[in-house]
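# Overview (structure and organization)
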Amino acid sequence: QVQLVESGGGLVQPGGSLNLSCATSESSFSIATMGWYRQAPGKQRDLVASITVLGRTNYADFAKGRFTISRDVPKNTVYLQMNSLRPEDTAVYYCRYGLGDRWGQGTQVTVSS
């Protein structure tokens, strides 16, 4: 089993930035697509960004131009750099391993003045 541990969330003002990290327990991280998803209260969990083993990236429309997904294979870690944050970005952000039901515990991001 692969363990996924997110960190880096917190309270930030509109226009601010956060960098989320997802640390994995195994180097099998390098043979699976990794994704960031978010879920606000009362809403479904939606894709934010993903990155394949070949480094191809995909972004939700709301994330394009503001968020960047990246990975550090030796550190078994995937990142989500979030800039120009808006109140509507407030949600719990989850790291996903592959395309199955394998998720981290989530990290809270709150954008508020």
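In this report, we go over the structure that sits alongside the text. Predicted model, so just to flag it, every value in this text is computed and none were measured.

Cut-off values and rules
- Residues numbered from 1 in each chain as written.
- Predicted model: local features only at pLDDT ≥ 70, side-chain atom pairs only at ≥ 80, totals over all residues.
- Heavy atoms only, no water.
- Salt bridge = Lys/Arg side-chain N within 4 Å of Asp/Glu carboxyl O.
- Helix = DSSP H or I, 4+ residues; strand = E, 2+ residues; numbered from the N terminus.
- Buried < 20%, exposed > 50% of the residue type's maximum accessible area, 1.4 Å probe, protein only.
- Disulfide = S-S within 2.5 Å.
- Pairing = 2+ DSSP bridges.
- Axes fitted to C-alpha atoms, helices over the stretch in contact; angles between N-to-C directions.
- Contact = heavy atoms within 4.5 Å.

Applying the stated criterion across every chain yields a total of two salt bridges. Of the charged contacts, one joins Asp-89 and Arg-38 as a salt bridge, the two residues approaching to 2.8 Å between their closest N and O atoms. With a gap of 51 residues between them, Asp-89 in the loop between β8 (77-82) and β9 (91-97) and Arg-38 in strand β4 (residues 34-39) connect regions that are remote in the sequence. The salt bridge involving Asp-89 is made with Arg-66; its shortest N-O contact spans 2.8 Å. Here Asp-89, found in the loop between β8 and β9, pairs with Arg-66, found in the loop between β6 (57-59) and β7 (67-72); they are 23 residues apart in sequence, far enough to count as distant. Comparing Asp-89 with Arg-66, the two get one shared label, buried. Each of Arg-38, Arg-66 and Asp-89 takes part in salt bridges that share partners, so that together they form one network.

This part takes up the state of the cysteines. Counted under the stated rule, the structure contains one disulfide. Here Cys-22 connects covalently by a disulfide to Cys-95, the sulfurs 2.1 Å from one another. Residues Cys-22 and Cys-95 are joined through a disulfide that is left-handed, its torsion about the S-S bond being -85°. Of this pair, Cys-22 sits in strand β3 (residues 18-24) while Cys-95 is found in strand β9, placing the two residues 73 residues apart along the sequence. With relative accessibility at 0%, the residue Cys-95 sits in the buried group.

Pairing is antiparallel across the open sheet formed by four strands, whose spatial order is β1-β3-β8-β7. Both edges of this open sheet fall to β1 (4-7) and β7, since each of them pairs with a single strand only. Taking each pair of neighbouring strands and ignoring which way they run, the sheet shows an average axis angle of 15°. Examined bridge by bridge, β1 and β3 share four bridges and lie antiparallel to one another. Of the residues in β3, the one forming a bridge with Val-5 is Ala-23.

Another point: the environment of Ala-60. For Ala-60, the location among the structural elements is in the loop between β6 and β7. Given the relative accessible area of 13%, Ala-60 is considered buried. Taking the C-alpha atoms as reference points, Ala-60 and Pro-74, separated by 14 residues in sequence, lie 27 Å from one another. Ala-60 has contacts with Leu-47 and Val-48, leaving out every residue within four places of it along the chain.

From the geometry alone we can't say anything about function, so treat these as descriptive.
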